[in-house]
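Chain by chain, the residues:
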Amino acid sequence: VQLVESGGGLVQPGGSLRLSCVASGFTFSSYDMRWYRQAPGKERELVAAISSAGGRRNYANSVKGRFTISGDNGKNTVYLQMNSLKREDTAVYYCNVRGVMTTSSANDYWGQGTQVTVSS
C-alpha cells in the first residue's frame with residue numbers, strides 16, 4: 001500500500017491550494033479516505049473525510065466552508081481543495097486510509113506528508 005501526497009507549498013493568507021493523494025496497493029473505491037494535519041508542537045488532527053462511495057463528507061469545524069474533500073476512483077486519488085487559507089492552516093498534511101484488509105490483518109496507512117505554509 002502506498003499513499004503519495006503532493007500540492008503543498010507556500011501561499012499567502014486568503015489564497016488557495018489543492019492537495020492530491022495518489023493511492024496504490026489496495027482497492028481504492030472500497031475505503032473511506034481522510035486528510036489529517038499536524039502543526040509544530042500540536043497533535044495530528046483530522047481535517048476531512050470522505051466515504052468510499054463519495055456520498056458522505058465530514059470536516060473539522062475549523063475548515064468547514066473553506067476546504068472541500070473529493071475523490072476520483074478512476075485515478076485512485078483523493079483531493080483536498082483549500083480556499084481562504086489562514087496562517088493557522090500551516091501544517092504538514094497527511095493522507096490516511098484505515099483498515100486495509102490483507103489475508104491476515106487490517107492495517108492503517110499514511111502518506112509521507114506535504115507541507116502547507118500560509119504566510120505573507
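Residues numbered from 1 in each chain as written. Predicted model: local features only at pLDDT ≥ 70, side-chain atom pairs only at ≥ 80, totals over all residues. Heavy atoms only, no water.

Some words on the pairing of strand E7 (residues 67-72)
Looking along a regular strand, one sees side chains alternate from face to face of the sheet. As paired elements, E7 and strand E8 (residues 77-82) share six bridges and run antiparallel to each other. Looking across to E8, one finds that Phe-67 is bridged to Met-82. (Pairing = 2+ DSSP bridges. Helix = DSSP H or I, 4+ residues; strand = E, 2+ residues; numbered from the N terminus.)

Thoughts on the state of the cysteines
Where two cysteines share a covalent bond between their sulfur atoms, that bond is called a disulfide. The tally for this structure, following the rule as stated, stands at one disulfide. Note that Cys-21 is cross-linked by a disulfide to Cys-95, the S-S spacing being 2.2 Å. Handedness here is read from the sign of the S-S torsion; for Cys-21 and Cys-95, about -80°, the answer is left-handed. Of this pair, Cys-21 sits in strand E3 (residues 17-24) while Cys-95 sits in strand E9 (residues 91-101), placing them 74 residues apart in sequence. Here Cys-21 and Cys-95 have matching classes, each one buried. (Disulfide = S-S within 2.5 Å. Buried < 20%, exposed > 50% of the residue type's maximum accessible area, 1.4 Å probe, protein only.)

Quick word on the nonpolar core
Counting 30 residues, the largest nonpolar core has Phe-26, Met-33, Trp-35, Val-78, Leu-80, Met-82 and Tyr-93 as the members making the most contacts within it. The set of elements that each furnish at least two residues to this core consists of E3, strand E4 (33-38), strand E5 (45-50), E7, E8, E9 and strand E11 (114-118). No other element matches E9, which puts five residues into this core. Those residues in contact with Tyr-93 that sit more than four places away from it in its chain are Glu-5, Leu-19, Trp-35, Tyr-36, Arg-37, Val-47, Phe-67, Leu-80, Met-82, Gly-113, Thr-114 and Val-116. (Core = buried A, V, L, I, M, F, W, Y, C linked by side-chain atoms within 4.5 Å. Contact = heavy atoms within 4.5 Å.)

What about the packing of aromatic side chains?
Within this structure, the stated rule accounts for four aromatic pairs. Consider the rings of Phe-26 and Phe-28, whose centres lie 6.4 Å apart with planes at 45°: the pair is tilted. Summarising the burial analysis for this pair, Phe-26 and Phe-28 share the class buried. Considering the side-chain rings of Phe-26 and Tyr-31, the 5.6 Å spacing of their centres and the 80° angle between planes classify their relative orientation as edge-to-face. Since its relative accessible area comes to 15%, Tyr-31 is described here as buried. Three or more aromatic residues joined by ring pairs make a cluster, and in this case those are Phe-26, Phe-28 and Tyr-31. One residue, Arg-44, lies across the ring of Tyr-94, its end atom 3.8 Å from the ring centre. Of note, Arg-44 hangs over the ring of Trp-110, and the distance from its end group to the ring centre comes to 4.5 Å. (Phe/Tyr/Trp six-rings, centres within 6.5 Å; stacked < 30°, edge-to-face > 60°. Lys NZ or Arg CZ within 6 Å of the ring centre and 35° of its normal.)

Regarding the sheet that holds E8
Strand order in the open sheet formed by four strands is E1-E3-E8-E7, with antiparallel pairing between adjacent strands. At either end of the open sheet lies a strand with only one pairing partner, and these are strand E1 (2-6) and E7. For this sheet, the mean angle separating the axes of adjacent strands, direction not counted, is 15°. (Axes fitted to C-alpha atoms, helices over the stretch in contact; angles between N-to-C directions.)

Considerations on the environment of Arg-66
Here Arg-66 lies in the loop between strand E6 (57-59) and E7. The class of Arg-66 is buried, set by a relative accessible area of 11%. Considered as a pair, Arg-66 and Ser-51 are 15 residues apart in the sequence and their alpha carbons are 19 Å apart. Within polar-contact distance, the side chain of Arg-66 engages the backbone oxygen of Ser-84 at 3.0 Å. (Polar contact = N/O pair within 3.5 Å; in protein donor to acceptor, adjacent residues only side chain to side chain.)

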